[in-house]
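# Observations on the three-dimensional arrangement
Spelled out, the chains give:
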Amino acid sequence: MIDLLLAQYRELERIYGERADLLGTKSGVMNTHTPYTTAVQLYGEGLFALMLTEPAAARIIFDKVWEIEQAIFARVCEATGAHFTRVQLGDCSASLLSRILTARLCCR
């Protein structure tokens, strides 16, 4: 998937030159979902049960998602020549969790 995204950027760069951008990285922002929201999108509602019954397993999923997101943005930055100055995280699915469960899983 990332290779297709980078190929699309190269085509945009061919057409638009320096004005081409990918995921807004040239503005210096890493704009992505939190690992929790991405994990819910990938794993489904079963993640809620996993968070309650096997919180360590859920934590492994969150950590892996974050690792993958960082690797994707590293490749995008390499392709675009961008450097991040800040990270902007969206957390659409967080409203589905209690404050106590969120604190238990997300705060180390």
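In the block above lies the structure referred to throughout.
Reference entry: report on the structure contained in this document. (Residues numbered from 1 in each chain as written. Predicted model: local features only at pLDDT ≥ 70, side-chain atom pairs only at ≥ 80, totals over all residues. Heavy atoms only, no water.)

Attention now moves to helix H1 (residues 2-16). An α-helix turns once every 3.6 residues. As a result, residues three or four positions apart point the same way. With 15 residues, H1 extends 20 Å between its outermost C-alpha atoms, agreeing within 8% with the 21 Å of an ideal straight helix rising 1.5 Å per residue. By the burial criterion, the buried members of H1 are Ile 2, Leu 6 and Tyr 9. In a view along the axis of H1, the buried residues occupy a sector of 55 degrees, so they form one face of it. Across from the buried face of H1, at angles greater than 90 degrees, the exposed residues are Leu 4 and Arg 14. As for H1, its buried residues are in contact with helix H4 (55-80). In the segment just after H1, Gly 17 is the residue with positive phi, at about 65 degrees. (Helix = DSSP H or I, 4+ residues; strand = E, 2+ residues; numbered from the N terminus. Expected span 1.5 Å × (residues − 1). Buried < 20%, exposed > 50% of the residue type's maximum accessible area, 1.4 Å probe, protein only. Arc of directions from axis to C-beta. Contact = heavy atoms within 4.5 Å.)

Packed helix pairs are characterised by how far apart their axes lie and by the angle those axes make with each other. H4 packs onto helix H3 (residues 46-53) with a crossing angle of 125 degrees between their chain directions and a minimal axis gap of 5 Å. The pairing of H3 with H4 is recorded here as oblique in orientation. Contact with H3, carried on its side by Leu 47, Leu 50, Met 51, Leu 52 and Thr 53, involves Pro 55, Ala 57, Ala 58, Ile 61 and Phe 62 of H4 and no other residues of that element. Classifying every residue of the contact of H3 with H4 by side-chain character gives nine nonpolar, one polar and no charged. (Axes fitted to C-alpha atoms, helices over the stretch in contact; angles between N-to-C directions. Parallel < 35°, antiparallel > 145°, perpendicular 65-115°, else oblique. Nonpolar A, V, L, I, M, F, W, Y, C, P; charged D, E, K, R; others polar.)

A few words now on the pattern of salt bridges. Applying the stated criterion across every chain yields a total of four salt bridges. Among the salt bridges present, the one from Asp 63 reaches Arg 59, with a minimum N-O distance of 2.9 Å. Residue Asp 63 and its partner Arg 59 are located together in helix H4, separated by four residues, close to a single helical turn. Looking at Asp 63, the relative accessible area reads 29%, which means it is partly exposed. Its relative accessible area of 22% is what places Arg 59 among the partly exposed residues. (Salt bridge = Lys/Arg side-chain N within 4 Å of Asp/Glu carboxyl O.)

Another aspect to go through is the packing of aromatic side chains. One pass over the structure, following the stated rule, counts two aromatic pairs. Centre to centre, the rings of Tyr 36 and Phe 62 are 5.8 Å apart; their planes meet at 70 degrees, and the pair counts as edge-to-face. Of this pair, Tyr 36 sits in helix H2 (residues 35-43) while Phe 62 sits in helix H4; the two residues are 26 residues apart in sequence, bridging distant segments of the chain. The exposure classification of Tyr 36 matches that of Phe 62, with both residues buried. (Phe/Tyr/Trp six-rings, centres within 6.5 Å; stacked < 30°, edge-to-face > 60°.)

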